[in-house]
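Structural features, examined
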Amino acid sequence: MTIVQALTIAGSDNGGGAGIQADLKTFQELGVYGMTVITAIAAQNTTGVQGVYPISYDGIVQQLDSTGVDFQPCAVKTGMLYNAEIIRLVATKWQQYGWTNLVIDPVMVAKGGAPLLQQEAVQALVQELLPHALITTPNIPEAELLTGMSIRNLSEREEAAKQLVQMGTAYALVKGGHDVDSGMVVDVMYDGKTFHYLENLRVVTRHTHGTGCTFSAAITAELAKGSPVLAAVTTARAFIQAAIEDELGFGAGHGPTNHFAYQRRQRGER
């Protein structure tokens, strides 16, 4: 049996709900061998982020090179890249090693509101990395920061997706989880020609920490296995929906999602 490889370039979440920990759990559940390049270490729990400690530039260079010379990731995702210097480095190493299937999860703000991307890094993300992306997966606040527009309804989500594709990403997936006025969560994906809509019932729960990381990691895993983009996103949507619905109940604040749930459902377990 051939096991495909996937790489996540992201921050560490000691609570295990987001960042590289969520990515590795998701890769494992979907049958993909996961590798990591750690950009920063976040000290956090379900109540918030207590500190963010970036890895040295040289340390990130060495991690990328160590991966690039000896492994063959079939898909790569980025999460918390922290600053413009790291974003430019990732773009350079992406081209140097000829990696494919780039998934950008533009992690900018933690669930509790703490900033995870320096302001000056937004422009670098748009100009240096986005043009290499197969798919970019912002939530509504992230899409607003990337496009500079206000997003209040579905049509504005569609327009934001169009703008992101014009910026260079092949596919844009603007997630609808922050549209709390609707009983449905509607994610809008645009491929430059056609809109696709992925809908699920909204789950009212405080246990949603790491949903964006997990969703994008599931897309990455499916792309690594050779799935077309729409199929990868559809599977990933089912994965995150199960992870939210079958809550773990950990912590006093925004608890993590259940990375075990999707495969347990596939096996008929609950």
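Residues numbered from 1 in each chain as written. Predicted model: local features only at pLDDT ≥ 70, side-chain atom pairs only at ≥ 80, totals over all residues. Heavy atoms only, no water.

**With respect to the overall build of the chain**
Helix and strand counts for the chain come out as 9 helices and 9 strands. Taken over the C-alpha trace, the chain has a radius of gyration of 17 Å; the compact-globule value for 270 residues is 18 Å, and the two agree within 12%. Along the longest, intermediate and shortest principal axes, the C-alpha atoms of the chain span 45 × 40 × 40 Å. Within the span of the chain, comprising 270 residues, buried residues form 54% of the whole. (Helix = DSSP H or I, 4+ residues; strand = E, 2+ residues; numbered from the N terminus. Rg over C-alpha atoms; globule rule 2.2 N^0.38 Å. Buried < 20%, exposed > 50% of the residue type's maximum accessible area, 1.4 Å probe, protein only.)

**Some thoughts on the pairing of strand β7 (residues 171-174)**
Here strand β6 (residues 135-136) pairs with β7 via 2 bridges, running parallel. For Thr136, the partnering residue across the bridge sits in β7 and is Ala172. In this sheet, strand β8 (residues 184-190) lies alongside β7 in antiparallel orientation, the contact comprising 3 bridges. Within β8, the residue paired with Val174 across the bridge is Val188. (Pairing = 2+ DSSP bridges.)

**As for unusual backbone geometry**
A negative phi angle is the norm for most residues apart from glycine, just as the trans form is the norm for most peptide bonds. Non-glycine residue Tyr82 carries a positive phi angle of around 75°. Even without glycine at this site, Asn101 takes up a positive phi of about 55°. Classification of Asn101 as partly exposed rests on a relative accessible area of 26%.

**Considerations on the environment of Phe195**
You can see Phe195 is positioned in strand β9 (residues 195-201). Of the residues examined, Phe195 reaches a relative accessible area of 22% and is grouped as partly exposed. In the structure, Phe195 is positioned 99 residues away from Gln96 in sequence and 33 Å away in space, judged by C-alpha atoms. Filtering out sequence-adjacent residues up to four positions away, Phe195 remains in contact with Glu158, Ala161, Lys162, Val188, Met189 and Tyr190. (Contact = heavy atoms within 4.5 Å.)

**A word on the packing of aromatic side chains**
One pass over the structure, following the stated rule, counts 4 aromatic pairs. A cation over an aromatic ring shows up here: Arg237 above the ring of Phe215, its NZ or CZ 5.8 Å from the ring centre. (Phe/Tyr/Trp six-rings, centres within 6.5 Å; stacked < 30°, edge-to-face > 60°. Lys NZ or Arg CZ within 6 Å of the ring centre and 35° of its normal.)

**Focus on the sheet that holds strand β3 (residues 48-54)**
Pairing in this open sheet of 9 strands is mixed, and the strands run β3-β2-β1-β4-β5-β6-β7-β8-β9 from one edge to the other. Both edges of this open sheet fall to β3 and β9, since each of them pairs with a single strand only. Two strands pair when backbone bridges link them, and strand β2 (residues 33-45) and β3 are joined in this way by 6 bridges, in the antiparallel orientation. Considered in β3, the bridge of Gln44 is made with Val49. The strands touched by helix α7 (residues 211-224) within the sheet are β1 (5-13), β4 (75-78), β5 (102-104), β6, β7 and β8, with β4 carrying the most contacts at an inclination of about 165°. (Axes fitted to C-alpha atoms, helices over the stretch in contact; angles between N-to-C directions.)

The quantities given are spatial measurements derived from coordinates; they are silent on function.
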